[in-house]
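# Inside the fold
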Amino acid sequence: MLLFKNLVHRSQLFLKAQSFPAISCLSQTIFLKMKYSTSFDSDTKYRRFNSRFKTKNYYKFVSVIVVSSCGAYLLKDRKIFLSSDETSSRKPSYPMYTLEEVSKHATKQDRIWVTYEDRVYDITEFVDDHPGGDVIMMAAGSALDPFWITYGFHKQAEVIKILETYRIGNISKEESAESVANLMDPYDSDPERNPILKINAHKPFNAEPPLPLLVQNFITPSDLFYIRNHLPVPLVDEKDYELEITGMGVEEKALTLDILKSKFEKVSVTATIQCAGNRRSDMVKVKPVKGLNWEGGAIGNAVWSGVRLRDVLEFCGLKDVSKIRHIQFEGLDTDPTNVPYGASIPIEKLLNPLSDVILAYEMNGEPLSRDHGYPLRVIVPGVAGARNVKWLGKIILSDKESDSHWQQNDYKGFCPSVDWDTVDFKSSLAIQELPVISAICDPLEGQRVSLQNGKLIVNGYAWSGGGCKVIRVDVTANKGQHWQPAEIIQQENANPGRCWSWVLWRAEIPMNENVNEVEIWAKAVDSNYNTQPESFENIWNLRGVLANAYHRVRVNVINKDKIR
């Protein structure tokens, strides 16, 4: 709390010096309230900030003021965020506004105005169509800049051009973002990563390992495991950490990591975690989608150790689950308005003891790294990575799904004909268990490959969600005229229905000595005899999720025997 007081006070002084009257006044009000208040209103709902003292409504305003008030401070080199001279131009023909005038437009009745850098926009007509839902209203009457720092994917030419269509003016020169110089970057405290990872986004950080390295180990080394972050990585002190348990049918409790480790049996589960957008780079070849361009490495297999979720909930008094429908999870990673990442799973995952849902504090025998959820994350084997919430701060038993953006307005599949003008996220189920998938990891697309004894050597992985076991991987080098089964070289010894790990496979495909170029196809079959669709055209969807069509890799063949 002292940190917040200092930040608000310093930002207030800065704003006063820079003549940002409206926000300066508001930040001063909050500073005084924090300074002299000894208690919060009785109806205030508490959330944790990193590990403690996170108040949903109170800190929402503090976060907005601290981050928004310093505004484009971080963005002094704003050229990197603009797509062209057209969008960066002040355009003298536009009227000039002060930030105080902008702050008066924060509702639909008054029109919704926002600023970005030194420009003013009226987004009233856009709000209902915003893919991120109501989150955009948190910036009403103030700056978009702090949100676009956190959600770095906005800083692309397409998004900025859309925003420009709503432009109505400029901020007065005296209050221009060019006068601002320093703002805390929420990503400054992110951990170091293995430099070999292929980065798909810097802020938030998202990266995957090279595919040939991925299939060298049945258990993926922690530093090579793909990283999927939606928000800045929180700084959590284990000494202050507590897991909140609340909701229907349980006594509210706050459990420390020591309690979790000492009171409950430690169990281990070997499970593959995969992002629902894995292999999106293949789907975009049909037509563009919105999402990170995962090439096939957004998957990994690890040994997760911790405690059974069921044991923890029973310790909290859980007996009657007849009215409970969902288990909601909230992380300690938060957006600029202090709203945490969240997701939920159906209660059936808890009721089935074979589902192996655990609260993990170790990965591959070591404490979780910061990127992978330190100090605690939920592991729901067989389910999309988005539901395996990292930096777990709260568990809520409810008759409803999580109201999180990532549960309600993302990670859902749609008909190929649905576009962003017609999509209704409420009409589709949230993705839970993932379909069968495979990938060729070695050789890579476009690679020059030498034959070994007249054979092309191919390596890859295959996996199926929901505990289904991969029973076969088929490969072909002549576009399906002849298929051959690959050799399963590593596989978990588990029964169908509880097989959580991927398989690693290898194929030796005889090649005609005159072939110079070949396209390899791979498809997997699981224990329910589900198989992959042949192409992406009929499974394309606007978010690029569930991208599990045949994997196809074209390579150039070098026949050394023929050369000799």
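Residues numbered from 1 in each chain as written. Predicted model: local features only at pLDDT ≥ 70, side-chain atom pairs only at ≥ 80, totals over all residues. Heavy atoms only, no water.

## Side note on the overall build of the chain
Tallying secondary structure elements over the chain gives 14 helices and 29 strands in all. Looking at the chain as a whole, 55% of its 564 residues qualify as buried. Residue pairs in contact within the chain that sit at least 24 positions apart in sequence constitute 73% of those at least 6 positions apart. As presented, the chain carries roughly 25200 Å² of accessible surface, and 50% of it is formed by carbon and sulfur atoms. (Helix = DSSP H or I, 4+ residues; strand = E, 2+ residues; numbered from the N terminus. Buried < 20%, exposed > 50% of the residue type's maximum accessible area, 1.4 Å probe, protein only. Contact = heavy atoms within 4.5 Å. Areas by Shrake-Rupley, 256 points an atom, 1.4 Å probe, with all protein chains shown as cover.)

## With respect to the sheet that holds strand 10 (residues 227-228)
Strand order in the open sheet formed by 3 strands is 8-9-10, with antiparallel pairing between adjacent strands. The open sheet has two edge strands, strand 8 (198-201) and strand 10, and neither has a second partner. As paired strands, strand 8 and strand 9 (residues 206-208) are joined by 3 bridges and run antiparallel to one another. By the bridge assignment for strand 9, Lys 198 is matched with Glu 208. (Pairing = 2+ DSSP bridges.)

## Describing the pattern of salt bridges
Pairs may arise between side chains of opposite charge once their charged atoms sit close together. Overall, the coordinates contain 25 salt bridges when judged by the stated rule. Taking the shortest distance from any N to any O, the salt bridge between Glu 125 and Arg 111 comes out at 2.7 Å. Here Glu 125, found in the loop between strand 6 (119-122) and helix 6 (145-150), pairs with Arg 111, found in strand 5 (residues 111-116); they are 14 residues apart in sequence, far enough to count as distant. Judged by relative accessible area, which is 33%, Arg 111 ranks as partly exposed. Taking the shortest distance from any N to any O, the salt bridge between Arg 554 and Glu 517 comes out at 3.1 Å. (Salt bridge = Lys/Arg side-chain N within 4 Å of Asp/Glu carboxyl O.)

## Comments concerning the sheet that holds strand 11 (residues 243-247)
Pairing within the open sheet is mixed, and its 5 strands lie in the order 12-11-20-15-16. With partners counted over all chains shown, the strands left at the sheet margins are strand 12 (253-255) and strand 16 (340-346), one partner each. Here the strands of the sheet are splayed against their neighbours by 20 degrees on average, with no regard to which way each runs. Looking at chain direction, strand 15 (residues 326-334) and strand 16 are connected through 6 bridges and run antiparallel. For Glu 330, the partnering residue across the bridge sits in strand 16 and is Gly 342. (Axes fitted to C-alpha atoms, helices over the stretch in contact; angles between N-to-C directions.)

## A short note on the pairing of strand 6
The two faces of strand 6 match: Arg 119 and Tyr 121 on one face and Val 120 and Asp 122 on the other face are all buried. Of the strand pairs in this sheet, strand 5 and strand 6 are connected by 4 bridges, and their pairing is antiparallel. In the strand pairing of strand 6, Trp 113 is matched with Asp 122. Hairpin connection between strand 5 and strand 6: a loop of 2 residues separates the two successive antiparallel strands, and Glu 117 in this loop has a positive phi of roughly 55 degrees. Bridge count for strand 6 against strand 7 (residues 167-171) is 3 bridges, and the pairing is antiparallel. Looking across to strand 7, one finds that Val 120 is bridged to Gly 169.

Spatial relationships are all this shows, so hold off on functional conclusions.
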